[in-house]
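Here is how the chains run, residue by residue.
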Amino acid sequence: MLVPCAAVAAPTRFRVLPVAEGSKAEAVVVYSLGTHTQVARQIEGEVTLDPATLDAVSGAVVVPLAGIHGDGGTRDCHMREALGLDYAAGGRFPREHVCDGEDRLPPSGPESVAFPEVRLELLGARPMDDPALLEAGKPVRVELEVRWVLHGVGHPAHEIARIVRDGAGLHVRGRSTVVLADHGVVVKPTKVLFAEIKVGDAVTVTYDLKLVAVAR
């Protein structure tokens, strides 16, 4: 059941709708030959906020590594290596790639995924515009205090999101720059013919999350 957010003037729990129902997120990675886009096919999470003031925000948005897709092959497996493996577990990575001939990682052991998700944790918010603009169908800019958790390592950040009413729910749209080194992530270069393909350390993440309030 949905609860119209205009009818509630207190912190309200919202569910992040899945991709099939309108949420979107993607990451653009710079590498030696240009850029590569990884799209989230699975998004989940819950957010608590006061839709009247937009100044009380908490919760988390979660994207499973298995739900992030780019070329559907080698580059996807290398992404799961870099973000998902515990380098201290005794496996071969990052000394060498460990994806098999079918672009898979083993289901168990030191070369299996130990960190299966990427999390965006919401810690606080400060509206930069009048929240009453939501009722007029206009976006409201909000400065968010967040923590990105990749590879099991959290790193705090401040970023700007735009919130707009969408019927009984909300759309939250934002753009983030995630620096892989802040999370201890190592991306091993790949050799193609005589060239070494390297990946940049900064990843640009854009998201458009559709939230619906849920009955208590």
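Anything mentioned here points back to the structure above.
Attention in this report is confined to the structure presented alongside it. Please read all numbers here as calculations on a predicted model, not as lab measurements.

**Side note on the pairing of strand E5 (residues 57-64)**
E5 sits mainly inside the fold: six of its eight residues count as buried. Where strand E4 (residues 44-49) and E5 come together, six bridges link them in antiparallel fashion. For glutamate 44, the partnering residue across the bridge sits in E5 and is valine 62.

**Concerning unusual backbone geometry**
Proline 94 follows phenylalanine 93 through a cis peptide bond whose omega is 10°. With respect to the element layout, proline 94 can be found in the loop between helix H1 (74-84) and strand E7 (117-127). Of note, the phi angle at aspartate 103 is positive, near 60°, even though the residue is not glycine. Take aspartate 103: it is sitting in the loop between H1 and E7. Despite not being glycine, histidine 151 shows a phi value in the positive range, around 55°. Residue position: histidine 151 is located in the loop between strand E8 (140-150) and strand E9 (153-166).

Conventions and cut-offs
Residues numbered from 1 in each chain as written. Predicted model: local features only at pLDDT ≥ 70, side-chain atom pairs only at ≥ 80, totals over all residues. Heavy atoms only, no water. Buried < 20%, exposed > 50% of the residue type's maximum accessible area, 1.4 Å probe, protein only. Helix = DSSP H or I, 4+ residues; strand = E, 2+ residues; numbered from the N terminus. Pairing = 2+ DSSP bridges.

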